[in-house]
Protein chains: 2
Amino acid sequence: MRIGELAERAGTTAKTLRFYEEQGLLPPAERTPSGYRDYAPETAARIDFVHRGQAAGLTLAQIRQILDIRDGGAAPCEHVRDLLDARLAEIEQQIAQLTALRDTIAELRHDAAQPDPDSCSADQVCRYL
Amino acid sequence: MRIGELAERAGTTAKTLRFYEEQGLLPPAERTPSGYRDYAPETAARIDFVHRGQAAGLTLAQIRQILDIRDGGAAPCEHVRDLLDARLAEIEQQIAQLTALRDTIAELRHDAAQPDPDSCSADQVCRYL
DNA sequence: CTGGACCTTCCAGTGCAGGGGAAGGTCAAG
DNA sequence: CTTGACCTTCCCCTGCACTGGAAGGTCCAG
């Protein structure tokens, strides 16, 4: 299978697949005599895994770690569990930060509900911020 | 006042102030005969405003828009209000996305609580993802 | 008059996940 | 035998807000 066909099947682009190969997410592809990349159909499952990892908020580098463990012959379950734990903690923190930011902005917005341009000195640029 | 002193007063770095000038957040500074930037003390208030804008989650480009309006002689109150509204909507959406992602990951993590490496086929790399 | 702290400009890189496009090779259909 | 779709490598660009470093100029104290 050539790169364009694989890309379409996996719902991505040829460009991205070459990038994945460069990043070590896909093993160097077999080549036809003329130099075209030639993929086994199973490669699509690997790309799907990459997409599942991305859907779980993992970076390509983290997904690569998992693949490396699997390619080394081991089951990556525990590493996956640790990554999920770490990601979960990060997300909780991001949510907390965004929630705090939302409250801050909501308050500023509330104060600016009836803007009174005359009460804003040029010095402070805008008294609602 | 030279750039280093202003940077310290405003809680930032000289490098950043040159960057702000380049980005149009600060007007081109006056120069001493020898070419050093020479700032009026009021410039610190402008930098403070930039910091308040950042604390509200605005980008430098958005902060610049506000400053441009003020520099044009108008009061930017209404624009600020619109920016705050837009930012608020973005943040709500980000929070919703992160919350959904958190739930997804929490479920995956739950399934991976007692990893069973033997049930993971190499094909799917990891059945918990 | 020398050393060190400060300043200048300019170039380049960071992280993330690709995208754009040039220059050229290959393959199948008409 | 040509056309058009596909493939190859290569390098640069995106957004965001800086940060690092090189090469050189300036200022002040000792």
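- Under an unreviewed UniProt entry, chain A has the name Heavy metal-responsive transcriptional regulator and belongs to Kocuria soli.

1. Observations regarding the relation of the copies chain B and chain A
Right, on to step 1. The two copies are related by a screw operation: chain B maps onto chain A through 180° of rotation and 0.0 Å of translation along the axis, at an RMSD of 0.1 Å. Considering both components of the superposition, the chain copies are consistent with a two-fold axis. If distances are taken from each C-alpha of chain B to the rotation axis, the shortest is found for I95 of chain B, at 3.0 Å.
Right, on to step 2. An overlap of 100% is found between the interface residues of chain B and their copies at the interface of chain A, pointing to a shared contact surface.

2. Some details on the interface of chain B and chain A
Right, on to step 1. With 47 residues of chain B in contact, the opposing surface of chain A contributes 47 residues.
Right, on to step 2. Taking both partners together, chain B and chain A bury about 4,100 Å²; carbon and sulfur atoms supply 76% of that area.
Right, on to step 3. Counting every contact that joins chain B to chain A gives four salt bridges.
Right, on to step 4. E92 of chain A is the salt-bridge partner of R102 of chain B, the closest N and O atoms lying 3.3 Å from each other.
Right, on to step 5. Top element by residues in the side of chain B that touches chain A is helix α5 (residues 77-111) of chain B. It accounts for 20 residues.
Right, on to step 6. Tallied by class, residues from the side of chain B that touches chain A come to 30 nonpolar, six polar and eleven charged.

3. A word on the protein's contact with DNA strand D
Right, on to step 1. In the vicinity of DNA strand D lie 18 residues, with G4 and R18 of chain A together with K15, Y36 and Q54 of chain B positioned nearest.
Right, on to step 2. At 3.5 Å, a side-chain N or O of Y36 of chain A approaches a base oxygen of DNA strand D.
Right, on to step 3. Listed by contribution, the elements that provide at least two residues to the surface near DNA strand D are α1 (3-10) of chain A together with α2 (14-22) of chain B.
Right, on to step 4. Per-element accounting of the surface near DNA strand D gives the leading share, four residues, to α2 of chain B.
Right, on to step 5. Looking at side-chain class alone, the surface near DNA strand D contains six nonpolar, seven polar and five charged residues.

4. Examining α2 of chain B
Residue and element names in this part refer to chain B.
Right, on to step 1. Those residues of α2 that fall on the buried side of the exposure criterion are L17, Y20 and E21. Axial view of α2: buried residues confined to an arc of 100°, hence all on one face. Exposed residues pointing more than 90 degrees away from the buried face of α2 are listed as K15 and E22.
Right, on to step 2. Summarising the contacts, the buried residues of α2 are in contact with α1 (3-10), β1 (30-31), β2 (37-38), α3 (43-55) and α4 (60-71).

5. Things to note about the layout of surface pockets
By rolling a water-sized probe across the atoms, one finds the places where empty space is left.
Right, on to step 1. Roughly 320 Å³ of volume is contained in the largest pocket.
Right, on to step 2. Together, 17 residues line the largest pocket, and P27, A40, E42, T43 and R46 of chain B are the ones closest to its centre.
Right, on to step 3. Those elements that place two or more of their residues in the lining of the largest pocket are α3 and α4 of chain B.
Right, on to step 4. Here the element with the most residues in the lining of the largest pocket is α3 of chain B; it accounts for three residues.
Right, on to step 5. Within the lining of the largest pocket, the residues separate by chemical class into nine nonpolar, one polar and seven charged.
Right, on to step 6. Taken as a whole, the second largest pocket spans an internal volume of roughly 160 Å³.
Right, on to step 7. If you trace the second largest pocket, you find it lined by E42, A45, R46, R70 and D71 of chain A together with A122, D123 and V125 of chain B.
Right, on to step 8. Every element with two or more residues in the lining of the second largest pocket is listed here: α3 (43-55) and α4 (60-71) of chain A.

Conventions we followed
Residues numbered from 1 in each chain as written. Chains lettered and ligands numbered in written order. Predicted model: local features only at pLDDT ≥ 70, side-chain atom pairs only at ≥ 80, totals over all residues. Heavy atoms only, no water. Least-squares fit on C-alpha atoms with pLDDT ≥ 70 in both. Contact = heavy atoms within 4.5 Å. Buried area = accessible area lost by both parts, 1.4 Å probe. Salt bridge = Lys/Arg side-chain N within 4 Å of Asp/Glu carboxyl O. Helix = DSSP H or I, 4+ residues; strand = E, 2+ residues; numbered from the N terminus. Nonpolar A, V, L, I, M, F, W, Y, C, P; charged D, E, K, R; others polar. Near = heavy atom within 4 Å. Polar contact = N/O pair within 3.5 Å; in protein donor to acceptor, adjacent residues only side chain to side chain. Buried < 20%, exposed > 50% of the residue type's maximum accessible area, 1.4 Å probe, protein only. Arc of directions from axis to C-beta. 1 Å grid on protein atoms, 1.4 Å probe; cavity = no way out; pocket = protein on both sides within 12 Å on 5 of 7 lines; lining within 4 Å. Points joined across faces, edges and corners; volume = space filled by probe spheres on them.

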